[in-house]
Every structure is written in structure tokens, then in C-alpha cells.
Amino acid sequence: MDGQHQKQKNKYSIIVPTYNERLNIGLIVYLIFKHLRDADFEIIIVDDGSPDGTQDVVKQLQQVYGEDRILLRARPRKLGLGTAYIHGIKHASGNFVVIMDADLSHHPKYLPSFISKQLETGADIVTGTRYVKGGGVHGWNLMRKLTSRGANVLAQTLLWPGVSDLTGSFRLYRKSVLEDIISCCVSKGYVFQMEMIVRASRKGYHIKEVPITFVDRVFGSSKLGGSEIVEYLKGLAYLLVTT
Amino acid sequence: MKHIVKILALVVAITVLWIGLLQTSVIPDSYTWLLPIYFVVSLGCYGLLMVGVGLMNFPTCPQEALLLQKDIVEAKEYLKQKGVNLPLN
């Protein structure tokens, strides 16, 4: 079996940026190990100096699962998402990199489908999408859904990106591809995710999608306000003229 | 080619087509003058329709929230057993 052989060879570095996620990080690490039994992987936790003791929990998890499987690569303070990924990649030993949020909105049970999709198609990027059959969102009110649909229609009409979910951040990248695109992405927050996938699409990388479900933050709060919408529109304009 | 150039090219092409129609008078001029308005209105309708359809078919997954709660309980139990101190909430 060629696929089986490749599965042995590939290594997946799962980068999880955290800030004050001491509970969620424990849960997510457990769930990753539960659902990824037959793949070679490492979890790289990039913690931005959480004051709540996230790093202490990570050290305890290292005792349980091994320091070679869980890597704590902390930074002194909050330095932004984009640079957290760059920081994580530097320490990644796998040939594939998975990026996911630590807040449990991204469930590790979908990791095998990302991996098998990549093996089947040879894709450079596999991105999780909430907006197809089998995917979905839980915990959004009507306003949030309306904003999300509006933003999506606008982006699809203006950018023709070729993927259905631009702002989702649960993705698997070939490491070299991620290194290539991340260096030219300058946006922040939601727009950063959109910029990554649009630039990848423009560069002609092979992108595939898998359905994922998204359960909005269980512990902690999630925010989407007027300023986010303005940032989104600015980001859209920026991508229109630069890609 | 920057994406904005593609979109502008499309706009220019449509404008040229429209001016062509005005010049040749294939259809009565009074209709031709109204075409840009129809175009903008139909673009707006398309947008609203897409948002509406998207909203109506918005995929939700309430069962996933329940499954996640089960996973959380399971994870907490396992980690507690292994001696990892997680906060209660």
C-alpha cells in the first residue's frame, strides 16, 4: 500500500498558539492523542506568556505524553498570531504542519480526515470548511450568521478564491508551502487567515477542502464587533489590490 | 495580474459592450440607457439572494456541542488520573 507507506514517512507538526488556555490545552492535547493514533506527529505549543499558568499545565502534559511529542516553545508576551506560526514552524520537525486553535472550536477528531485527504490528493494545503455538507457551526446567533454569510458572499464575488471558507484557521499545510506564503502575509486576525489562503491560491498551490464543524468557544469568550467588520473590509480591499 | 485589474478589465469590457449597443442602436436607446441600472440592481439582488440562501441553509451542528461536552468530561477524567492539575472550569 503506497498510501500506508507514505503515512509512515510523513510527520505532522501541530502548531497550537495559546494565550490563557490552561484548561483547553489539556483537553485538546488529550483529544489529539486520542484521534491520531497511527500518525507520526508532534504538538508545538506557542504560548505568549499566559499569566494563567498555561505553561505549567503544558509541562505536566509533557510528563504524561513525553517531551518529544509535546514541545513548549513559549514567547515572553503577546506578539500576534502570524509571528506565533512563524515561531512554531522554526521548531517544527515534520514535513507537514497543522494549524489549529486551542479553544476547542477546532476538534482534533477531524485531523485524520485532513491527513487522508492530503494523502489521496497530494494537496499542498487542506483547509477545513464550515460551509459545506458535513460541516457546520454551533453557538452563533442570527446576527453572527448574517455577518458571516455577507462577508463570505462579498469575498467570493470580489476575490474568486476557489475555497468556500476563507476565514477558517483549521488547516494542514505542506511545511515548505506554509513557509513560502507566511513570509508575505502581513494582515492580522481573521484577515490573516484569508490572506494566507488567497495568496496560496494565487500562487497556484493545490488546495483541497474537508468539512469541519465549529463549536464556538466553550470556555472563555469570543468577540466580533464593528471594528472587526471594518478590519475585514480593509483586508478585502488590501487583497484586491495586492494579489 | 493583480485581482483588481481583472475586475476592472471586466468592468471596462461591459462598458464597451454597452457603448457599442448605444452606438449601433440594435435595441432602442431608451432601453439601452436603463441597462446600467438593471445591471447594478441585479448585482444587488444576486448578493442579497446569496446571503439569504446561505442564511437559510446555514449548516448548524447542535449535536457537536453535546459530543464535545462528553469529550471534555472524558479528557478531564483521564488527565486527572494521570495527575495533571486542570482547573475545574
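None of the values given here were measured: they were computed from a predicted structure.

Q: Just checking my understanding: could you explain the overall build of chain B for this structure?
A: If you tally the helices and strands in chain B, you get three helices and zero strands. Helices and strands in chain B line up, N terminus first, as α-α-α. In summary, chain B has a C-alpha radius of gyration of 28 Å against a globular reference of 12 Å for 89 residues, an excess of more than 25%. Dimensions along the principal axes, computed over C-alpha positions, put chain B at roughly 85 × 35 × 15 Å. Taken over 89 residues, chain B has a buried fraction of 22%. Of the roughly 6500 Å² of accessible surface on chain B, 72% is carried by carbon and sulfur atoms. The averaged location of the 5 negative side-chain charges in chain B is 10 Å from the averaged location of its 6 positive side-chain charges.

Q: I keep staring at the interface of chain B and chain A and nothing clicks. Help me out?
A: By a frequent convention, interface size equals the accessible area lost on bringing the separate parts together. Tallying the contact residues gives 37 residues for chain B and 45 residues for chain A. For the chain B face of the interface with chain A, the top three residues by lost area are B:H3, B:F58 and B:L68, together amounting to 18%. Counting across the interface, chain B meets chain A through three salt bridges. Here chain B and chain A share 12 residue pairs in polar contact (both at pLDDT 80 or more) between them. Of all the elements in the fold, those that place two or more residues in the side of chain B that touches chain A are α1 (3-24), α2 (29-56) and α3 (62-81) of chain B. Considering each element in turn, the side of chain B that touches chain A owes the most residues, 13 residues, to α3(B). Residues that form the side of chain B that touches chain A fall into these classes: 22 nonpolar, eight polar and seven charged.

Q: Looking at this structure, I do not really get the UniProt feature "domain: Glycosyltransferase 2-like" (unreviewed entry) in chain A. What am I missing?
A: The UniProt record annotates "domain: Glycosyltransferase 2-like" (unreviewed entry) at residues 13-181 of chain A. Secondary structure across residues 13-181 of chain A divides into 43% helix and 20% strand, with the first and last C-alpha atoms of the span separated by 17 Å.

Q: I would appreciate a short explanation of the sheet that holds strand β1 (residues 11-18) of chain A in the present structure.
A: Across a sheet, paired strands are connected by hydrogen bonds in the backbone, their directions being either parallel or antiparallel. Residue and element names in this part refer to chain A. Taken in spatial order, the seven strands of this open sheet run β3-β2-β1-β4-β7-β5-β8, and their pairing is mixed. Among the strands making up the open sheet, the edge pair consists of β3 (70-72) and β8 (207-211). Between one strand axis and the next, the sheet turns by 20° as a mean value, whatever way the strands run. Bridge count between β1 and strand β4 (residues 96-99): four bridges; the pairing is parallel. Counted as the bridge partner of Y12 is F96 from β4. Against the sheet, helix α2 (residues 22-35) contacts β1, β2 (40-47) and β3, and its axis sits at roughly 170° relative to β2. Packing against the sheet, helix α8 (residues 189-202) makes contact with β5 (125-129), β7 (171-174) and β8, and its axis sits at approximately 45° to β7.

Q: Please explain α2(B) as it appears in this structure.
A: Along an α-helix, residues three or four positions apart point the same way, because every turn accommodates 3.6 residues. If you check α2(B), its first and last C-alpha atoms are 40 Å apart, about what 28 residues at 1.5 Å a residue would give, namely 40 Å. Three or more residues of α2(B) are buried, namely B:T32, B:G47, B:V51 and B:G54.

Q: Just to check I follow, could you spell out the pairing of β4(A) for this structure?
A: In regular strands, side chains alternate between the two faces of the sheet. All names here are of chain A. Side-chain alternation along β4 places F96 and V98 on one buried face and V97 and I99 on a second face that is also buried. Looking at chain direction, β4 and β7 are connected through four bridges and run antiparallel. For V98, the partnering residue across the bridge sits in β7 and is L172.

Q: Honestly, helix α7 (residues 175-182) of chain A in this entry has me stumped. Any pointers?
A: All names here are of chain A. Taken as a whole, α7 has its buried residues at K175, V177, L178, I181 and I182. The buried residues of α7 occupy an angular sector of 160° when the element is viewed end-on, so they sit on one face. Residues of α7 that are buried in the fold lie against α4 (81-90), β4, β5, β7 and α8.

Q: Teacher, can you tell me more about the domain arrangement of chain B here?
A: By the assigned domains, chain B splits into domain 1 (1-58) and domain 2 (60-88). The gap between the C-alpha centroids of domain 1 of chain B and domain 2 of chain B is 52 Å.

Q: What am I meant to see in the pairing of β7(A) here?
A: Note that β5(A) and β7(A) share three bridges and pair antiparallel. Considered in β7(A), the bridge of A:V126 is made with A:L172.

Q: Whenever I open this one, the pattern of salt bridges confuses me. Can you help?
A: When charged atoms on two side chains of opposite charge get close, those side chains can pair. In the structure shown here, the tally under the stated rule is 11 salt bridges over all chains. A salt bridge links B:D71 to A:K34; its shortest N-O distance comes to 3.9 Å. Taken together, the residues span two chains, with B:D71 in helix α3 and A:K34 in helix α2. Residues A:K34 and B:E74 are paired through a salt bridge, measuring 3.0 Å at the closest nitrogen-oxygen approach. You can see A:K34 sitting in helix α2 and its partner B:E74 sitting in helix α3, one on each of two chains. Where salt bridges share partners, they join A:K34, B:D71 and B:E74 into one cluster.

Q: Mind showing me how you'd approach the packing of aromatic side chains here?
A: Two aromatic rings are characterised by how far apart their centres lie and by the angle between their planes. Tallied over the full model, the rule gives 11 aromatic pairs over all chains. Taken together, A:Y30, A:F33, A:F41, A:Y65 and B:Y78 form an aromatic cluster joined through their ring pairs. Just above the ring of A:F41 sits the side chain of A:R69; from NZ or CZ to the centre is 4.6 Å.

The rules behind the values
- Residues numbered from 1 in each chain as written.
- Chains lettered and ligands numbered in written order.
- Predicted model: local features only at pLDDT ≥ 70, side-chain atom pairs only at ≥ 80, totals over all residues.
- Heavy atoms only, no water.
- Helix = DSSP H or I, 4+ residues; strand = E, 2+ residues; numbered from the N terminus.
- Rg over C-alpha atoms; globule rule 2.2 N^0.38 Å.
- Buried < 20%, exposed > 50% of the residue type's maximum accessible area, 1.4 Å probe, protein only.
- Areas by Shrake-Rupley, 256 points an atom, 1.4 Å probe, with all protein chains shown as cover.
- Lys, Arg positive; Asp, Glu negative; His and termini not counted.
- Charge placed at Lys NZ, Arg CZ, Asp CG, Glu CD.
- Contact = heavy atoms within 4.5 Å.
- Buried area = accessible area lost by both parts, 1.4 Å probe.
- Salt bridge = Lys/Arg side-chain N within 4 Å of Asp/Glu carboxyl O.
- Polar contact = N/O pair within 3.5 Å; in protein donor to acceptor, adjacent residues only side chain to side chain.
- Nonpolar A, V, L, I, M, F, W, Y, C, P; charged D, E, K, R; others polar.
- UniProt positions renumbered as here; feature names shortened; annotations may be inferred.
- Pairing = 2+ DSSP bridges.
- Axes fitted to C-alpha atoms, helices over the stretch in contact; angles between N-to-C directions.
- Expected span 1.5 Å × (residues − 1).
- Arc of directions from axis to C-beta.
- Domains from an automatic or database assignment.
- Phe/Tyr/Trp six-rings, centres within 6.5 Å; stacked < 30°, edge-to-face > 60°.
- Lys NZ or Arg CZ within 6 Å of the ring centre and 35° of its normal.

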